[in-house]
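Results of the structural survey
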Amino acid sequence: MRIEFQDRLAVVTGASSGIGLALCAALLQRGARVLAMSRSLGGLQGLQESYPERLFWHAGDVTSSEDLASLRLRAEQLGPVDYLVPNAGIAELADSLDLAAFDRQWAVNGAGALNTLAALRDVLASPCSVVFIGSFLTRSSFPGLAAYIASKAALGAQARTIAVEFAPRGVRVNLVSPGPTATAIWGSLGLSDEQLGQVADSVAQRLLPGHFLDAAAVASVILFQLSAGARGVYGQDWVVDNGYTLS
Ligand SMILES: NC(=O)c1ccc[n+]([C@@H]2O[C@H](COP(=O)([O-])OP(=O)(O)OC[C@H]3O[C@@H](n4cnc5c(N)ncnc54)[C@H](OP(=O)(O)O)[C@@H]3O)[C@@H](O)[C@H]2O)c1
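Structure report, in brief. (Residues numbered from 1 in each chain as written. Predicted model: local features only at pLDDT ≥ 70, side-chain atom pairs only at ≥ 80, totals over all residues.)

Across the sheet, 7 strands lie side by side as β3-β2-β1-β4-β5-β6-β7; this open sheet has parallel pairing. Taken across any chain shown, the strands that pair with only one partner, and hence form the sheet edges, are β3 (55-59) and β7 (237-240). Averaged over neighbouring strand pairs, the angle between their axes works out to 20 degrees when direction is ignored. One ladder, built from 5 bridges, connects strand β1 (residues 9-13) with strand β2 (residues 33-38); its direction is parallel. Bridge pairing links V12 to A36 in β2. On top of the sheet, helix α6 (residues 146-166) reaches β5 (124-133), β6 (171-178) and β7; it is set at about 160 degrees to β6, its chief contact. Each of β4 (81-86), β5, β6 and β7 touches helix α9 (residues 215-226); the most contacted strand, β6, lies at about 165 degrees to it. (Pairing = 2+ DSSP bridges. Helix = DSSP H or I, 4+ residues; strand = E, 2+ residues; numbered from the N terminus. Axes fitted to C-alpha atoms, helices over the stretch in contact; angles between N-to-C directions. Contact = placed C-beta atoms within 7 Å.)

Turning to unusual backbone geometry, a few remarks are in order. Between G79 and the following residue, P80, the backbone shows a cis peptide bond with an omega angle of 10 degrees. In this structure, P80 sits in the loop between α3 (65-78) and β4. Cis peptide bonds are those with omega within 30 degrees of zero, and the linkage from S126 to P127 qualifies with 10 degrees. Mapping P127 onto the fold places it in strand β5. Even without being glycine, F5 reaches a positive phi, approximately 75 degrees.

Moving on, we get to the packing of helix α4 (residues 99-109) against helix α5 (residues 111-120). Interhelical geometry of α4 versus α5 gives an angle of 30 degrees and a closest axis separation of 3 Å. On the basis of the axis angle, α4 is roughly parallel to α5. On α5, the residues that touch W106, A107, V108 and N109 of α4 are A111, G112 and A113. Residues that form the contact of α4 with α5 fall into these classes: 5 nonpolar, 2 polar and no charged. (Parallel < 35°, antiparallel > 145°, perpendicular 65-115°, else oblique. Nonpolar A, V, L, I, M, F, W, Y, C, P; charged D, E, K, R; others polar.)

The following block contains the structure:
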C-alpha cells in the first residue's frame, strides 16, 4: 500500500511565507515533493536546506502568464501533479468604491489562482486534489476590505462550478477559508503598529481560544482536504477560523 503523500507532487503558490510556507513544511515532513512558487524565496530557504532533493522553488508571479507557463513546464518534468494549492494572496485596505483596488486584488487572489489551475490542468494526476484559499470574511464584513472579500467570494463561486466540471477527470476541487491567522499579510495592510494592535485586539475578542490561528493550524486542514481521507468531499468551503464567524 502506498503511504499517503510519499513521493507525490504538490504545487503550492504563495509558498514563501505564512500559510503556504507552513503547508510546504507539512507536505515535506510527510515525504511529498513540493514545487513551490513565489516571487521571493523567503522562509523557503530554511526548508531548502532540510529537503534539498524534494523541494523545488520556482520564482514567479501568479499574475504573469509567462511565469505560469514556465511553472507548467517544471510541473511537466516532475509531474503529474497530485495536489495543487493556489494559495498566493494579497490584501489591501481601500475605499470600498475604489474598483481599481478590486482589480489589483482579483489579479492575485482570483485570476492568479484560477490561471494557476488553467496552466496546470493538463498535468494534473487522476486522482488529484485542488484546494483554493478563500477567507472567513466572505461570511462577514470588514471596513476597508470589501474588494479583498469580493475577490475571495468570486473565487469561491468559480470553484464550486469548477468542482463539478473537473470531477469526471478525477480532480476534486474545494476551498479552505482561513480565519484570522498570524501571518505577514496583516502587516502588509499599511496600518501603524498601534492601529494594527487595536485591530488585532478587537479581532481576538471574537476568537474562541482568544488568539489568532497559527499558519500550521490552517495548513493541517488543507492537508486533510488534499488527502484521500477527504476523497468524498467536492466543491465545499471549509472554514477554519477559531470560531470567529460564530459570533
Ligand atoms: N492570514 C490571514 O488571516 C488570512 C485569512 C484568510 C485568508 N488568507 C489567505 O491565505 C493565503 C495566504 O496568505 P498568508 O496569510 O499566508 O499571507 P502571507 O504570509 O503574506 O503570504 C502570502 C504569500 O503569497 C505570495 N504572493 C503574493 N503575491 C504574489 C504573486 N503576485 N505571485 C506569487 N506569489 C505571491 C507571497 O510571496 P512573495 O511575496 O514572495 O511573492 C507569500 O508567499 C492568501 O490567499 C490569503 O488571502 C489569510
